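Topology and contacts: notes
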Amino acid sequence: AGSVPPLKFEALNPDLTLVEHFTSIPVTAVREGPFKAASALPASVAAGVRTTIDLSITLGGRLPITGIVRAVLPPSYRVSDGEQTAVLVSSIGGVAADMSVISADGATGVVKVRIDSDFTAVDGFAGSIYTCPDPETMTCPGTGDNADGIRVPTTYVAARLLAKNTVLLMTLSQIRNLAGGPSGVLQMQTRTPDDVGVVEENLAVPGTNLTIGLLADATVVPGALLSAIRTTVAVSISISNTLQLDGNIVLVFPLGFQINDGAPSAVTGATLVLFTQERSTPASVTSFDEARRSITIAVGGSPDEFLEAFNKVKLSVTNIRNMVARPVGTATAQVSGTFLVSTQLRSGAFVETYDAPGVSISTNVIAPFPVGDADAFPESSTPGAVGYVSIRYSTDSVLPSDAVIQIGFPNAYTFNVGGTTALSVSYDGVPDARYNLTLTPGFSSTAVRAVRWNGTSDVPPGVIVELHLTNTSLRDAVADTGVYNISTLTPDGATIARGFIPSTAIGRPSEPLSISVVNCKANYPEHDPVALCLSWAAPRVDGGSVVTGYSVTVDKSSNLFNDIVDTISLPPTNFSTKTIALTEGVYYYIRIRASNNNRGTPGFGRPGYAAVTRAVSLPSAPRAATLRSDTTNRLYASWLSPQFTGALNPAAEIINYKVEFGREDANFTTIGQTPNDSALAPSNVRFVVSQLLTPGLYYARVFAGNAVGFGPPAVFALPALATPIVPVAWDAAMPSEGQTLYIQVGYLLEVEVRAVDGDISDQVEVDVDGSRGLPVSAAVSATVV
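Attention here is on the structure that accompanies the text. (Residues numbered from 1 in each chain as written. Predicted model: local features only at pLDDT ≥ 70, side-chain atom pairs only at ≥ 80, totals over all residues. Heavy atoms only, no water.)

1. Quick notes on unusual backbone geometry
Excluding glycine, residues mostly carry a negative phi; peptide bonds, for their part, are mostly trans. Here is the rule we go by: Labels follow the DSSP assignment, with helices taken as runs of H or I lasting at least four residues and strands as runs of E lasting at least two, numbered in each case from the N terminus. Exposure is judged per residue with a 1.4 Å probe applied to protein chains only, and the accessible area is read against the type maximum: over 50% gives exposed, under 20% gives buried, and values in between give partly exposed.
In this model, F369 is joined to P370 through a cis peptide bond whose omega is 10°. In this fold, P370 is placed in the loop between β36 (364-366) and β37 (375-378). Even without being a glycine, N165 presents a positive backbone phi close to 75°. In this structure, N165 sits in the loop between β15 (161-162) and β16 (167-177). Using a relative accessible area of 39% as the deciding quantity, one classes N165 as partly exposed. Of note in this structure, R599 is not a glycine but carries a positive phi near 55°. In this structure, R599 sits in the loop between β53 (587-598) and β54 (601-604).

Here it is in structure tokens:
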């Protein structure tokens, strides 16, 4: 096929002289002929497997047997997978043949097969040249085999010119089915032996519908299994056949889950597990569909690398919101739908897929104070008091833009007292007016529903939500209100989170204020108390009766106070106390309650809680290192950290260090009597340079300090001198400082240097300039007199 040179026509006289001619008659180009039939069929249609593919061609015309079959496989196949693609089996017209691959390009999918590589025999007329004896006259006397022309070569094998309808079959090895779905069409051609001209072709040989494979395994596990919580999910997939490393992983989350919650979902900690080796890979989110809850993640590898069977990809995806659990009956959790996990080629064609099991999602918990933040705050706890009541809480779940907050107030409360009860809501102190309030009285409680309308955004987890209700009153009795039930709901009533708030004591004091707790102070050589010192202020309200005392409770396990180690009762005038000796390294929980005697009934009011505090003891001594003179009348001291800092596992924090310098005093009895005889250093510094000291011999010791105070000291082994250093007074008659003296070879040079500087550590330094040429046998010496 291709263009044909123009023809030349001439009209000649009988004597062959030219009469007329036309030298350039165009000829229609020869077009590629079609195959009579062509097909391609892989031995396996499963995506991801390495297989063979059978190519079949039925010729529509003649073809030299040394011609070439050129096949272009679509991107759904990979040529030369693992090893070079080869012809396993071939035949010509049903007779076994010896076809061979002359090239196979894995990048382009082009495979070229030589039908027969024997060029010693000519392929029929197509492989020979016929020349007339008189090229000038183009005269070829005779016809057929009796023609006088010359054919080169003179013999040929007619069977080597393949005839029309000849069927060529070949099986190609090392073909990988990369993805499922329609493979796409193949292109096939037959070409001249020199691979220049096309003889026949079919550029749209039908492909095969490849079957999407099944991953060996896949798991998707949220880091937290609670309703509507924002979390990170851990994803692990195990390859069944193969995956090209520039491909993708597609995650489709079950109904109710949300991606890009609060911020775009991202990939962290992605690794490839290749049998016993694990390495990181720069996987990243390339696209998402929030409506379908789908995330596409690029694995981040090279197209020339593949994951093999049972290799794994592990990664985590951030900012995923769990579904809202809807437990049935007495159940407390609901199992989600399955997670659809798929692998893709970079083109988007699917390779393998897997339905990862769903997870059990539980209703979130609203924890009461002090374990959580849920609490009730009436304006006054006095019986019959009229005012407001505030409810505060937080959860680990998201509060959706259309959420409902429902609180079951005990019947100790009455609403719409002196006016209509109004609601205001805030998040960490920021108001949100988009709530409608409904009050529904019941047998034992009043249901207060705050319905968020036209919410523009979700409220993130951990935010303090406060509901403020006006025009309420408490029962006129000294009693407990009963517990408050609280929950957050979806508009259709599914529970996102729920919990309770403990009963409020009517007629009792509110919690003590300004509670402070510290480790009781001590400094070596004082007794190490290993105790906590507390202080507080009186409660805001007394519940309608004066405070009669305080109770301090110390627990070593939790704010539930089931493991109490100390209880202290104090009169109403006391606002501080000290615990018993405690165990170093243990964290302690402290509760303080005020009591009164209201209407003849004694009782405790609302508790206040101190910050959880660890009891520590004094640290051990640091390890003294170096004490020496520094600049004028200053000393330098360095040390190492103490081996015990006041508590173990973890170590208590060292706050600072103190160094004391005793002048002519090895017992340090004069500390504080000499200026600048102590210095402080922060915990991350292990040395000090003293301030100016009175000249003399000094002993030194170093202390380590923590939350209790300074522990025992370490004493430096040797004292050091604080001495003045003044400019040197050189004798003018002698060589001055820095003067250069030249030594003549073969002579002895002796120079006396006299100077007074007031320093007991006089020395003379002589620098020899060897660049001028110092004989090997030369020596320099100096003596201090």
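2. Side note on the sheet that holds strand β57 (residues 623-629)
Within a sheet, neighbouring strands are paired by backbone hydrogen bonds and run either parallel or antiparallel to one another. Our working rule: Being paired, for any two strands, means DSSP has found at least two bridges between them. To get an axis, a line is fitted to the C-alpha atoms, and for a helix only the part in contact is used. The angle between two axes follows their N-to-C directions and goes from 0 to 180 degrees.
Spatial ordering of the open sheet is given by β57-β58-β61, a layout of three strands whose pairing is antiparallel. Sheet topology places β57 and β61 (687-689) at the edges, where each strand pairs with a single neighbour. Neighbouring strand axes in the sheet, compared pairwise and without regard to direction, differ in orientation by 10° on average. Pairing analysis gives three bridges linking strand β58 (residues 635-640) to β61, with the strands arranged antiparallel. Residue pairing for β61: A637 is matched across the bridge by V688.

3. A closer look at the pairing of strand β49 (residues 532-537)
Every other side chain in a regular strand lies on the same face of the sheet, so the side chains alternate between the two faces. Of the two faces of β49, the one holding L532, L534 and W536 is buried and the one holding C533, S535 and A537 is not buried anywhere. For strand β48 (residues 513-519) and β49, the ladder comprises five bridges, and the chain directions are antiparallel. Opposite V517, over in β49, you have L534 as the bridge partner.

4. Description of the layout of surface pockets
The method is simple in principle: a probe with the dimensions of a water molecule rolls over the atoms, and the space it marks as empty is what remains. Applicable threshold: Definitions used for this entry: grid spacing 1 Å over protein atoms alone; cavity, a set of points where a 1.4 Å probe fits but cannot get out; pocket, an open set with protein on both sides within 12 Å along at least 5 of 7 lines; lining residue, one with an atom within 4 Å of a point. Grid points are joined across faces, edges and corners, and a volume is the space filled by probe spheres set on the points. For this scheme, ten residues count as nonpolar: Ala, Val, Leu, Ile, Met, Phe, Trp, Tyr, Cys and Pro. Four count as charged, namely Asp, Glu, Lys and Arg, and the remainder, Gly too, count as polar.
The space that makes up the second largest pocket amounts to roughly 700 Å³. What lines the second largest pocket is a set of 34 residues, and nearest its centre among them are D375, P502, S503, R606 and P607. Breaking the lining of the second largest pocket down by element, the ones donating at least two residues are β37 and β38 (386-393). By residue number, the principal contributor to the lining of the second largest pocket is β37, which donates four residues. Its residues assigned to classes, the lining of the second largest pocket shows 18 nonpolar, eight polar and eight charged.

5. Here we look at the side chain of N706
Worth spelling out the cut-off: Residues count as neighbours in contact if any of their non-hydrogen atoms are within 4.5 Å of one another.
Summarising the element assignment, N706 is placed in the loop between β62 (696-705) and β63 (714-715). Since its relative accessible area comes to 6%, N706 is described here as buried. Look past the residues within four positions of N706 in its chain and what remains in contact with it is V616, S617, L618, P619, T645, G646, E653 and I655.

6. Description of the state of the cysteines
To keep it simple, the criterion reads: A pair of cysteine sulfur atoms is labelled a disulfide when the two atoms are within 2.5 Å.
Using the criterion set out here, one finds one disulfide in the structure. Covalently, C520 is tied to C533 through a disulfide, its sulfur atoms 2.0 Å apart. What sets the handedness of the C520 and C533 disulfide is the S-S torsion sign, and at about 115° it is right-handed. Here C533 lies in strand β49 and C520 lies in the loop between β48 and β49, a separation of 13 residues in the sequence.

7. Describing empty space enclosed by the protein
Counted according to the given criterion, the structure contains two cavities of 30 Å³ or more. Approximately 80 Å³ is the volume attributed to the largest cavity. Along its surface, the largest cavity is lined by 14 residues, and Y393, T395, S397, L399 and V465 are the ones closest to its centre. Class assignment for the residues of the lining of the largest cavity results in nine nonpolar, five polar and no charged. The space that makes up the second largest cavity amounts to roughly 50 Å³. Looking at the second largest cavity, the residues that line it are P378, E379, S380, A385, V386, G387, Y388, V389, Y413, T472 and L474. Mapped by element, the contributors of at least two residues to the lining of the second largest cavity are β38 and β45 (465-474). Residue contributions to the lining of the second largest cavity peak at four residues, all from β38. Per-class residue counts for the lining of the second largest cavity are seven nonpolar, three polar and one charged.

8. Description of the pattern of salt bridges
To keep it simple, the criterion reads: In the sections that follow, a salt bridge refers to a side-chain nitrogen of Lys or Arg positioned within 4 Å of a carboxyl oxygen of Asp or Glu.
Under the defined criterion, the tally for this structure stands at 22 salt bridges. For the salt bridge of K8 with E10, the shortest nitrogen-to-oxygen distance reads 3.3 Å. Relative accessible area serves as the criterion here: at 52%, K8 is assigned to the exposed category. Judged by relative accessible area, E10 falls into the partly exposed class, the value being 46%. A salt bridge links R160 to D116; its shortest N-O distance comes to 3.7 Å. Taken together, the residues R160 in the loop between β14 (150-152) and β15 and D116 in the loop between β12 (110-114) and β13 (129-131) connect sequence positions 44 residues apart. You can call R160 buried: its relative accessible area is 10%.

9. A few points about the nonpolar core
Among soluble globular proteins, nonpolar side chains are generally buried collectively. Short version of the rule: What is meant by a nonpolar core is a set of buried Ala, Val, Leu, Ile, Met, Phe, Trp, Tyr and Cys residues, joined one to another through side-chain atoms within 4.5 Å.
In terms of nonpolar packing, the biggest core is built from 38 residues, with I237, F253, L315, V317 and V341 touching the most fellow members. The element best represented in this core is strand β31 (residues 312-321), accounting for four residues. Not counting residues up to four positions away in its chain, the partners in contact with V341 are L215, A218, V220, I237, I249, V250, L251, E352, T353, Y354 and A356.

10. Focus: the sheet that holds strand β52 (residues 576-578)
Judged by pairing direction, the sheet is antiparallel, and its three strands sit side by side in the order β48-β49-β52 without closing on themselves. Of all the strands in the sheet, just β48 and β52 have a single pairing partner and so form its edges. Here the average twist between neighbouring strands, direction ignored, is 15°. Two elements, β49 and β52, share three bridges in a ladder whose sense is antiparallel. Residue pairing in the sheet places C533 in a bridge with K578 of β52.

11. Considering the environment of G418
As for its placement among the helices and strands, G418 is situated in the loop between β40 (413-415) and β41 (423-427). Separated by 53 residues in the primary sequence, G418 and N471 place their C-alpha atoms 6.2 Å from one another.

12. Overview of the pairing of strand β4 (residues 37-42)
Covered by surrounding structure in β4 are A38, A40 and P42 only, the residues A37, S39 and L41 on the alternate face being uncovered. Note: β4 against strand β5 (residues 50-58), six bridges, orientation antiparallel. The residue bridging L41 from the neighbouring strand is D54, located in β5.

13. Looking at the packing of aromatic side chains
What counts is decided by this rule: Stacked, tilted and edge-to-face are the three classes assigned to paired rings of Phe, Tyr and Trp, where Trp is represented by its six-membered ring and a pair needs centres within 6.5 Å; plane angles under 30 degrees give stacked, over 60 edge-to-face, the rest tilted.
Applying the stated criterion to the full structure yields 14 aromatic pairs. Arranged with centres 6.2 Å apart and planes meeting at 35°, the rings of F561 and Y609 form a pair that is tilted. Placement of the pair is F561 in the loop between β50 (547-555) and β51 (564-570) and Y609 in strand β55 (residues 608-609), with a sequence separation of 48 residues. On the accessibility criterion, F561 (7% relative accessible area) is buried. You can call Y609 partly exposed: its relative accessible area is 22%. Relative to F687, the ring of Y636 has its centre 5.8 Å away and its plane inclined at 25°; by these criteria the two rings are stacked. Placement of the pair is Y636 in strand β58 and F687 in strand β61, with a sequence separation of 51 residues.

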